[in-house]
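One-letter residues, chain by chain:
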Amino acid sequence: MRLFFLKLKLRSEIQRFSLHPVSGLKPSSGRRLHKIEEIESEENFLPSLPEITEKEIKEALLREVSAHFCYGKTPAGDMVITSIKQSIAFHKEEQQQAYVSPSEIPYTASLSTCDECDGGGKYECPTCRGQGWEFCPYCRGNKWYPLAVDSFEGDCVKCQGSGERTCWQCNGDEDVRCKTCSGAGEMKSYLRLLVIWTNHVNDYIVEKGSALKAHRLRRVTGKILTQEEGPKVLPLTHFPNSAVRAASVQLIQHHAFADEKVLKQRQRLSIIPVAAVRYRWTNHEGLFHVYGNEHCVYVPDYPQKCCCCNIL
């Protein structure tokens, strides 16, 4: 009886302190949490790049303006920089050296009768059709040749009136040497391996927040994060950025050629600094980018240029 009373009391306490579901709350997304962890791990992994200063930006812009004869230098010197947004881009490069060799494979040679001459090493002359002679090309076999001076018809001076001459191709032998087997009457057959040295180079650009096209980022350099070289390199499966991981796997799989012998592979991953610069000059507001260690500038809407200049 006492045990039954304790069970009832314990059940009532459990019901008293039980938690009821609260409406309006949704479970947290594991995908969002994974994305946050990836961003945090990426920021902790990447090295710190020096931030570009306003002075360096204006110097780079003046160099770009000076390269165009129809650009005015006044906006580059007088503009007010309102904001500088730093970002990065990844440049993944994959290089593979391989070869295919042209050489006879041992123990694959065999002799067979030449199909062109049926093993005789020669065949009927195609010029004289096996006669050993041909008609004289001057008198065309008429044996005489008209003289233009007095219209006297005499013996042909080339064939001495015979109307024939020895065949020039077979020299009167009626047969010519087979060109296919070079007169041997047999053909040697074997397997041949063709060797071609190749160098496969591919790359991939992963940009983060910039509006620059990939062909511009390929022209500049950045800070090398990792570089590996050897007979076989592995994809960067542990890199914190998922786009770089996918690009690494894709590039290595792209270089898997079944008919080539791989000598060496090389992969390199660089981080390229990119700065999006907003400016104001008189009543004009615009945006341009400074990127790479070289501080290249992309300013498509420069406020002072003639109408014939466009940047692609």
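Note that this is a predicted model, so its numbers are computed, not measured.

**Student:** Outline the overall build of the protein, supporting the account with residue identities and numerical values.
**Tutor:** On a plain count of helices and strands, the protein comes out with six helices and 16 strands. Looking at the protein residue by residue over its 312 residues, the buried ones come to 30%. Long-range pairs, those at least 24 residues apart, make up 76% of the contacts in the protein between residues at least 6 apart in sequence. With an accessible surface of roughly 21,800 Å², the protein has 53% of that area assigned to carbon and sulfur atoms.

**Student:** Tell me about the packing of aromatic side chains, and please be specific about residues and values.
**Tutor:** Tallied over the full model, the rule gives four aromatic pairs. Measuring from ring centre to ring centre gives 5.4 Å for Trp 133 and Phe 135, while their planes differ by 90°; the resulting arrangement is edge-to-face. When the centroid spacing of 5.7 Å and the interplanar angle of 50° are considered together, the rings of Tyr 279 and Phe 288 count as tilted. Using a relative accessible area of 2% as the deciding quantity, one classes Tyr 279 as buried.

**Student:** Tell me about the confidence of the model for the protein, and name the residues and values.
**Tutor:** Here the protein averages 77 in pLDDT, and 77% of its residues register 70 or above. Counting interchain partners and residues more than four positions distant, the pLDDT-below-50 stretch residues 1–41 has five contacts.

**Student:** Could you give an account of the side chain of Gln 267, with specific residues and numbers?
**Tutor:** Checked against the element boundaries, Gln 267 lands in strand S14 (residues 261–281). Accessibility expressed as a relative area gives 3% for Gln 267, which makes it buried. A distance of 3.1 Å separates polar atoms of two side chains, one belonging to Gln 267 and the other to Lys 92. Here Gln 267 is in contact with Lys 92, Glu 93, Glu 94, Thr 226, Gln 227, Glu 228, Val 233, Leu 234, Leu 236, Ser 248 and Ile 252, once residues within four sequence places are set aside.

**Student:** Provide a residue-level description of the nonpolar core, including the pertinent values.
**Tutor:** Core analysis: the largest hydrophobic core is formed by 19 residues, its most contacted members being Ile 57, Leu 61, Val 277, Phe 288, Val 290 and Val 297. Elements supplying a minimum of two residues to this core: helix H3 (54–66), S14 and strand S15 (284–291). In contact with Val 277, other than residues within four places in its own chain, are Ile 57, Ile 81, Ser 83, Gly 286, Leu 287, Phe 288 and Val 290. Core analysis: the next-biggest nonpolar cluster, separate from the first, contains nine residues, Ala 89, Leu 212, Val 220 and Val 274 among them.

**Student:** An account of H3 is needed here, citing residue identities and associated values.
**Tutor:** For H3, spanning 13 residues, the distance from its first C-alpha to its last is 18 Å, which sits close to the expected 18 Å at 1.5 Å a residue. Buried residues along H3 sit in contact with helix H4 (74–78), strand S1 (80–99), S14, S15 and strand S16 (296–298).

**Student:** So what's going on with a negative patch on the surface? Which residues, and what values?
**Tutor:** Side chains of Glu 124, Asp 173, Glu 174 and Asp 175 sit close together on the surface and give a patch of like negative charge. By the element assignment, Glu 124 lies in strand S4 (residues 122–124).

**Student:** Give a detailed account of unusual backbone geometry, specifying residues and quantitative values.
**Tutor:** Its identity as a non-glycine residue notwithstanding, Asp 118 has a phi of 55°, on the positive side. Judged by its relative accessible area of 66%, Asp 118 falls in the exposed class. The residue Ser 182 is not glycine, and still its phi comes out positive at about 60°. Looking at where Ser 182 falls in the secondary structure, it is placed in the loop between strand S9 (175–177) and strand S10 (186–189).

**Student:** Lay out the pattern of salt bridges with the relevant residues and their values.
**Tutor:** Per the stated rule, a full pass over the model turns up six salt bridges. As a salt-bridge pair, Glu 134 and Arg 165 come within 3.0 Å of each other at their nearest N and O atoms. One end of the pair, Glu 134, is in strand S5 (residues 133–135); the other, Arg 165, is in strand S8 (residues 164–166), with 31 residues separating them in the sequence. A residue is classified by how much of its surface remains accessible, and Glu 134, at 15% relative accessible area, is buried. Using a relative accessible area of 37% as the deciding quantity, one classes Arg 165 as partly exposed. Glu 229 serves as the salt-bridge partner of Arg 266, at 3.0 Å between the closest nitrogen and oxygen. Taken together, the residues Arg 266 in strand S14 and Glu 229 in strand S13 (residues 223–230) connect sequence positions 37 residues apart. Taken together, the shared-partner salt bridges in this structure form one network comprising Glu 229, Lys 264 and Arg 266.

What counts, and at which threshold
Residues numbered from 1 in each chain as written. Predicted model: local features only at pLDDT ≥ 70, side-chain atom pairs only at ≥ 80, totals over all residues. Heavy atoms only, no water. Helix = DSSP H or I, 4+ residues; strand = E, 2+ residues; numbered from the N terminus. Buried < 20%, exposed > 50% of the residue type's maximum accessible area, 1.4 Å probe, protein only. Contact = heavy atoms within 4.5 Å. Areas by Shrake-Rupley, 256 points an atom, 1.4 Å probe, with all protein chains shown as cover. Phe/Tyr/Trp six-rings, centres within 6.5 Å; stacked < 30°, edge-to-face > 60°. pLDDT = per-residue confidence, 0-100. Polar contact = N/O pair within 3.5 Å; in protein donor to acceptor, adjacent residues only side chain to side chain. Core = buried A, V, L, I, M, F, W, Y, C linked by side-chain atoms within 4.5 Å. Expected span 1.5 Å × (residues − 1). Patch = residues over 30% accessible without salt bridge, like charges linked within 9 Å, V, L, I, M, F, W, Y side chains within 5 Å. Salt bridge = Lys/Arg side-chain N within 4 Å of Asp/Glu carboxyl O. Lys, Arg positive; Asp, Glu negative; His and termini not counted. Charge placed at Lys NZ, Arg CZ, Asp CG, Glu CD.

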